[in-house]
Each structure stands twice: as structure tokens, then as C-alpha cells.
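# Working through the structure, step by step
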Amino acid sequence: MIIVQMMGNLGNQLFIYAMARSLQLEYGDDMVIDLEGLKRFYYAAAYKLDHLNLPKENIKYDLETVDPAIRSKYLQTSRLYHIEQKLYRKLRKDSLVPDKVTMRWLKRGCYYTFSRSFFDFPKTTAKNKFVYGYFQNAKYFEKYADVIRSECRVLDELDEYDRTMLPLIRDSNSVAVSVRAINELGVSFIDFDYYYRAMKMLDERINNPTFFIFSDNVEITKEKMKFPFPVEYVTPRDACHGLRLMYHCKHFVIGNSTFSWWGAYLGNDPKKIIIMPDKIDKEGVGREGYYFKEAIKIPCSFVDYKWDFDQIIHQKYAR
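Let me begin by describing the structure that accompanies this report. (Residues numbered from 1 in each chain as written. Predicted model: local features only at pLDDT ≥ 70, side-chain atom pairs only at ≥ 80, totals over all residues. Heavy atoms only, no water.)

All right, on to the overall build of the protein chain then. Regarding its fold elements, the protein chain presents ten helices and 13 strands. Residues classed as buried in the protein chain amount to 55% of the 319 residues present. The long-range share in the protein chain, meaning contacts at least 24 apart out of those at least 6 apart in sequence, stands at 66%. Of the roughly 15,100 Å² of accessible surface on the protein chain, 50% is carried by carbon and sulfur atoms. (Helix = DSSP H or I, 4+ residues; strand = E, 2+ residues; numbered from the N terminus. Buried < 20%, exposed > 50% of the residue type's maximum accessible area, 1.4 Å probe, protein only. Contact = heavy atoms within 4.5 Å. Areas by Shrake-Rupley, 256 points an atom, 1.4 Å probe, with all protein chains shown as cover.)

As C-alpha cells, then:
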């Protein structure tokens, strides 16, 4: 049996699922997705993967159906790991625990890591396996990439907005531009120069691109960022409908968000161009498996969420 602690919003949920699903395909175990994990340790979020093409068999969502002894072990170990991770963060000013600690947990059947880099978990003989982490690395599921891509497609029926936007996206040299704006987590903007250079580069490489702006806060993005080309702001009903619109685009400018990573990963245009920032967070920690091999990396910096964004909007960028 595999028990998965689900966390985060759509992008992180997809990474967690892809990791756990790969374990399931590898070992043939049943899977239980712990939805209580969405509010146990971090910020509360809604489960979104029920809108996708996930298999109906061998995946359950009720932790209470698990044998009490197994459930107790899972809850105890994940809680202890959470405490241990906080301790390392405090003592080392780093959220990463050493590899030897990760290996120690694996001996107990625990795939526990928040490492930003890929951790090559060796084979385990543990009968029950527990998954806790973000696993933001395509190497965790590259063996089953075709299955993951198929299962992570959105199944919801198209609404009126989708039916209007999809033809515009499909019938143009569409570029999905992802802007992670200020939100309740205080996440920073990537500097405006990154978007200027990325859009200019694509304008030089493809014929008549149409830029579609995806953002978690469209109003702030409209107010604070003046793009160098005409743009179309995308305002879908929810994140899953937005993901479907994004992965139908032909090219991608990724922001510092896992949501935009999945949009590019699920995009199936054989000639797609992907532009990514050279770092995903202020610390600039490398994540080799997070970057697409074919991606063009552009240097970027981060704007603190308390900064006055008017300072970085240059009139020379606007037409």
C-alpha cells in the first residue's frame, strides 16, 4: 500500500501525484491519497486532481479505510519528519535534510524529502510506502512520463469561456506567459526584464506570436506590468480550466510556479519553445530535474512583494 500526503495547490498536487503514481506503477500497490494532508501542516488548499483523467481503480481517498496500525505509523512518521525538517531549517537555515537522513526514513518505507534536487531513491522491500514531499523534479516520474501526461489531462466539460478561448489559442502561434503575482503567501514577482526579454526573443523566433497572460492575480498583473507586445489576459473559471487552456498553447514563458511548469510539460506541440528563469526562487538553488532540457534559460531577479512596482516599469518597454 502507498499512502500519499497531498499538499499545496494544483501544480504541487500534480508533482506529488506523479511521484506516487510512478511508485504504484513500479510496485503494483494500491494507493490512498490523504486529503487531510491539504490542511495538516501548511496552508489549507482544495483538492483539484478530481478534475483530471486519474484512474478510478486502485486509488482511494479515505484514510479511515486503512488498517489502523498502518495509518498510525504513517501519521506518526510524517509528523516526526515534519518536526525534523523544521529543526534542520532552524539550525542550518536550510529546509533540506541530509541525504543520510532521507535514506534512514526510506528504510522504514518513507519517501520523505523536500530536497529541491532529485533524490535517487533505491529499491525498497517495505510492504507499505508513505509519500511526503513536493518532488518537483521530472526525474521522479520520467520512466512513466507517457502515463503521467495522459492521466493529468483535464476532463471537465468546456464552459462558454473555454469554447471562446481555445480556438484563439489553437489557431494562433500562442504563447502562454505565466506571471506569479502577489498573493496571500507573499510570493514575489520575477523582475519585469525577464518577461520583456523572453517575449522579445519569441517575437524574433516565431511568426506573429499571440501572448496569453496567465496569472494568479490578473488585476495586479494588469496594473503593475506593462508588456512589450499586445496580450490577451486569460481568466478561466478555475485552476484546472486554466491549466487546460495553458497546455493547449504552442510555446511557453514559465514563471516561478509549478502550475506553469505543468502547462509546459503537458503541452504537446512538437516545436514548442520553452523559456524559463535561470532560478526559481530568491535563493537561486539549482534544480536540475526541474528545468526542461530544451528550455532556454534567461537570468532573472526577484522583486520583493512589498516593493513599489512602479519603479520597475520602464516606458521604453511599452509600444
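Picking up after the structure, the text goes on.
Summed over all chains, the structure comprises 33 aromatic pairs. Between phenylalanine 192 and phenylalanine 227, the ring centres sit 6.3 Å apart and the planes meet at 50°, which makes this aromatic pair tilted. Note that phenylalanine 192 is positioned in helix H7 (residues 192-205) and phenylalanine 227 in the loop between helix H8 (218-224) and strand E9 (231-233), a separation of 35 residues in sequence. In terms of burial, phenylalanine 192 and phenylalanine 227 fall into one category: buried. Both rings, one in tryptophan 262 and one in tyrosine 265, keep their centres 5.2 Å apart while their planes meet at 75°; by these two values the pair is edge-to-face. One end of the pair is tryptophan 262 and the other is tyrosine 265, both in helix H10 (residues 258-266) and three residues apart, which spans about a single turn. Classification of tyrosine 265 by relative accessible area gives buried; the value is 5%. Through a chain of ring-to-ring contacts, the aromatic side chains of Phe15, Phe141, Trp261, Trp262, Tyr265, Tyr290, Tyr291 and Phe292 assemble into a single cluster. Lying across the ring of tyrosine 247, arginine 153 places its NZ or CZ 3.9 Å from the centre. (Phe/Tyr/Trp six-rings, centres within 6.5 Å; stacked < 30°, edge-to-face > 60°. Lys NZ or Arg CZ within 6 Å of the ring centre and 35° of its normal.)

Let us now look at the sheet that holds strand E3 (residues 59-60). The five strands lie next to each other as E3-E2-E1-E5-E4, forming an open sheet whose pairing is parallel. Strand pairing shows two members of the sheet lacking a second neighbour, E3 and strand E4 (110-113), which therefore form its edges. Packed on one face of the sheet, helix H1 (residues 10-27) meets strand E1 (2-5), strand E2 (31-34), E3, E4 and strand E5 (129-133) and runs near 175° to E1. (Pairing = 2+ DSSP bridges. Axes fitted to C-alpha atoms, helices over the stretch in contact; angles between N-to-C directions.)

The subject of this paragraph is helix H6 (residues 160-170). An α-helical turn contains 3.6 residues, so any two residues separated by three or four positions project in the same direction. Residues of H6 that are buried: Asp162, Met165, Leu166 and Ile169. Along the long axis of H6, the arc covered by the buried residues comes to 110°, so they all point the same way. In H6, the exposed positions angled more than 90 degrees off the buried face are occupied by Glu160 and Arg163. Its side-chain oxygen 3.1 Å from the backbone nitrogen of tyrosine 161, aspartate 159 forms the N-cap of H6. (Arc of directions from axis to C-beta. Polar contact = N/O pair within 3.5 Å; in protein donor to acceptor, adjacent residues only side chain to side chain.)

It is worth spelling out H1 at this point. The terminal C-alpha atoms of H1 lie 26 Å apart, and with 18 residues this matches the ideal 26 Å at 1.5 Å per residue to within 8%. In terms of residue burial, H1 counts as a mostly covered element, since 15 of its 18 residues are buried. Count one or two residues on from H1 and you reach glycine 28, which has phi positive near 75°. (Expected span 1.5 Å × (residues − 1).)

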